Amino acid sequence: MKTFLGKIHLKWCIHCNLPVLDKICNACKRETNNVKITPPGDARPAFIKDIEMINNILKDQFNIQGGDIFKNKIVLISNTPGIDCMKEIILDGTVFGILKYDVEKNKWSILPTVEGARKIINSGGYKKIIGVKKEIMPYILEKHASVLRPGVVYASKDIKKGDDVIVLIMDDREENTENQKFKDLKDINVLGVGRARMDYNEIINKDKGMVVKIRHAETPKKATYLRETGNLKESIEKMVNANEHVITKYEREAIGVMRNTAEKIKKPIVVAYSGGKDSLAVLLLALKVFGDKKIKFDVIFIDTGLELPETLENVEQVKNEYNLEIIKVKSNDFWNKLDEYGPPGRDYRWCSEVCKMKPIERLIKSKYKEGCLTFVGLRKYESVSRSKKPRIWKSKHIEGQIQSAPILNWSAMHLWLYLFKNNPPYNKLYELCFDRVGCYICPAMELGEIELLKEHHPHLWERWEKYLINYAEKNNLDEEWIRGGWRWRYKNK
Ligand code: SF4
Ligand SMILES: [Zn+2]
């Protein structure tokens, strides 16, 4: 499935080994290369915990013994459309692999690209390996054939049917031995990556049949290693410098939109702050546009009553950092209305109406009799429906409210670059592998995100899970519904 939400801005300076959102790198002034990522291509920088998580998965999956493949380099993570969480990992200007939450196995795994496989093998990975005879190489490369049993000379004992495996060219003499000299295996032996169609035992006991369905294969070559850029802090500084011209351009444009809109609309100005990165960028922009001119604007935070502690903490930090008065509106209605409405779903978002729309409507009606102009952190790369939004529109829900999205065209990379340059206190959840912050019961969460939530906030999740179990018992719903089916009200009916 291809999702087009806008142009893919991401490019790479292979000289500086940095992502650059333009044709020219501001640091070395040389041309940048395209990065072949899957649309919508809304990549973000990986934080330390992301890298730890990826390394742990690689260790578990391929038994990598060597050092950290990602050390001292900028790594990006880009969500791709797919079943549950699927994220491309970008290293050295190319896709290293896909970080995926395996819904059936209930765990995270990595599907390496051929380039990723080369680096895994160079780092000493020796699990999930299939060795094949050199003679079968032309069939795989030219005819896109699968690996058949007669072509196999080695299989690692850990292989289970359905596993993602690395296919290497190996010497025929070492047929079926566990004593393969892995230290001699290098990137140059990697032929491809694919999915095992047999368990280890089947492989050694059979003499025919398909062993691996190849996903990608390439003529064996050396892995590409670009220069190190330092630890995360140093790398971020370099990345900001390489994109300085892009940041300035996007900031100038957003400031223009805000200034012109405010002059045209002539209503009290409001910034809707959610504790998330997008609205934080809008708040920073508002401080520049209106703060400098001493034009008053209000900042509103709607607390749905289902916020994560990090979000509430961030609102306080932002308030203190910029000496703001943040108008907080808290809704306590979710748990009261739950018996009446049942669990919210992606196709049944009564929570949004009750916990966000109604409280803001009440506030606007009482505080801004003539209506207001609200700047929001909406971005078109977030979803198809958002990609179709104009820059300014009349709120459908709240009479008198005009909304404007000054960062509508920003990708997540524009946004992070802007935040890194201005260094505001951003929500700590982003450093804990969360892509977005929001209610802890949100039906928009993928199963992988629920796993993260359980890990960091088990008590909050327990409360919600208890409710789901109870509801399932009363309504004769099964385990699958409790696990994730609850996120849709009508889909399976
Ligand atoms: S963030 Fe999710 S749970 Fe919260 S109001 Fe919106 S849709 Fe509902
Ligand atoms: Zn450069």
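Structure first, text after, so check above.
Here's what I pulled together on the structure shown here. It should be emphasised that the depicted structure is a prediction, and the values quoted were computed from it without experimental measurement. (Residues numbered from 1 in each chain as written. Chains lettered and ligands numbered in written order. Predicted model: local features only at pLDDT ≥ 70, side-chain atom pairs only at ≥ 80, totals over all residues.)

## Digging into the overall build of the chain
1) Next: Scanning the chain for helices and strands turns up 15 helices and 20 strands.
2) Next: Taken against the 2.2 N^0.38 rule, which gives 23 Å for 493 residues, the C-alpha radius of gyration of the chain at 26 Å falls within 12% of a compact globule.
3) Next: Taken along its principal axes, the extent of the C-alpha atoms in the chain is 85 × 65 × 35 Å.
4) Next: Here the analysis covers contacts within the chain between residues at least 6 apart in sequence; of these, 71% occur between residues at least 24 apart. (Helix = DSSP H or I, 4+ residues; strand = E, 2+ residues; numbered from the N terminus. Rg over C-alpha atoms; globule rule 2.2 N^0.38 Å. Contact = placed C-beta atoms within 7 Å.)

## A look at the sheet that holds strand 6 (residues 86-91)
1) Next: Pairing within the open sheet is antiparallel, and its 5 strands lie in the order 4-5-6-7-8. Each having just a single partner strand, strand 4 (43-45) and strand 8 (107-112) make up the two edges of the open sheet. Here the strands of the sheet are splayed against their neighbours by 30° on average, with no regard to which way each runs.
2) Next: Across 6 bridges, the pairing between strand 6 and strand 7 (residues 94-102) is antiparallel. Across the sheet, I90 pairs through a bridge with V95, a residue of strand 7.
3) Next: Those strands touched by helix 2 (residues 114-122) are strand 7 and strand 8, and its axis lies near 90° from that of strand 7. (Pairing = 2+ DSSP bridges. Axes fitted to C-alpha atoms, helices over the stretch in contact; angles between N-to-C directions.)

## Comments concerning the environment of P425
1) Next: Within the element layout of this structure, P425 appears in the loop between helix 12 (412-422) and helix 13 (447-456).
2) Next: On the basis of neighbour counts, which here come to 17 C-beta atoms within 10 Å, the residue P425 falls in the partly exposed class.
3) Next: Separated by 345 residues in the primary sequence, P425 and T80 place their C-alpha atoms 28 Å from one another.
4) Next: With near-sequence residues (within four places) excluded, P425 lies in contact with N314, Q317, V318 and E321. (Buried ≥ 20, exposed ≤ 12 C-beta atoms within 10 Å, placed from the backbone.)

## Some remarks on the site of ligand 1
1) Next: The full set close to ligand 1 counts 13 residues, and C351, S352, G438, C439 and C442 are the nearest of them.
2) Next: Here the shell around ligand 1 is composed, by residue class, of 8 nonpolar, 3 polar and 2 charged. (Near = placed C-beta within 6 Å. Nonpolar A, V, L, I, M, F, W, Y, C, P; charged D, E, K, R; others polar.)

## Section: the sheet that holds strand 1 (residues 11-13)
1) Next: With antiparallel pairing, 3 strands are arranged side by side in an open sheet as 2-1-3. Only two strands of the sheet have a single partner each, and these edge strands are strand 2 (18-20) and strand 3 (33-34).
2) Next: Pairing of strand 1 with strand 3 involves 2 bridges; the strand directions are antiparallel. When the sheet's bridge partners are listed, K11 is paired in strand 3 with N34.

## Some points on the packing of helix 7 (residues 277-291) against helix 12
1) Next: Relative to each other, helix 7 and helix 12 sit at 55°, their axes nearing to 10 Å. Judged by the inter-axis angle, helix 7 sits oblique to helix 12. Crossing hand, helix 7 versus helix 12: left-handed. Residues K277, D278, L280, A281 and L284 of helix 7 form the contact with helix 12, whose participating residues are L415, Y418, L419 and N422.
2) Next: Its residues assigned to classes, the contact of helix 7 with helix 12 comprises 6 nonpolar, 1 polar and 2 charged. (Parallel < 35°, antiparallel > 145°, perpendicular 65-115°, else oblique. Left-handed = near helix turned anticlockwise from the far one by under 90°.)

## Thoughts on unusual backbone geometry
1) Next: Residue P40 is reached from P39 by a cis peptide bond, and omega for that bond is 5°.
2) Next: If you trace the backbone, P40 turns up in the loop between strand 3 and strand 4.
3) Next: The phi angle at N72 is positive, at roughly 60°, despite the residue not being glycine.
4) Next: In this structure, N72 sits in the loop between helix 1 (48-62) and strand 5 (76-79).
5) Next: With 14 C-beta atoms counted inside 10 Å, the residue N72 sits in the partly exposed group.

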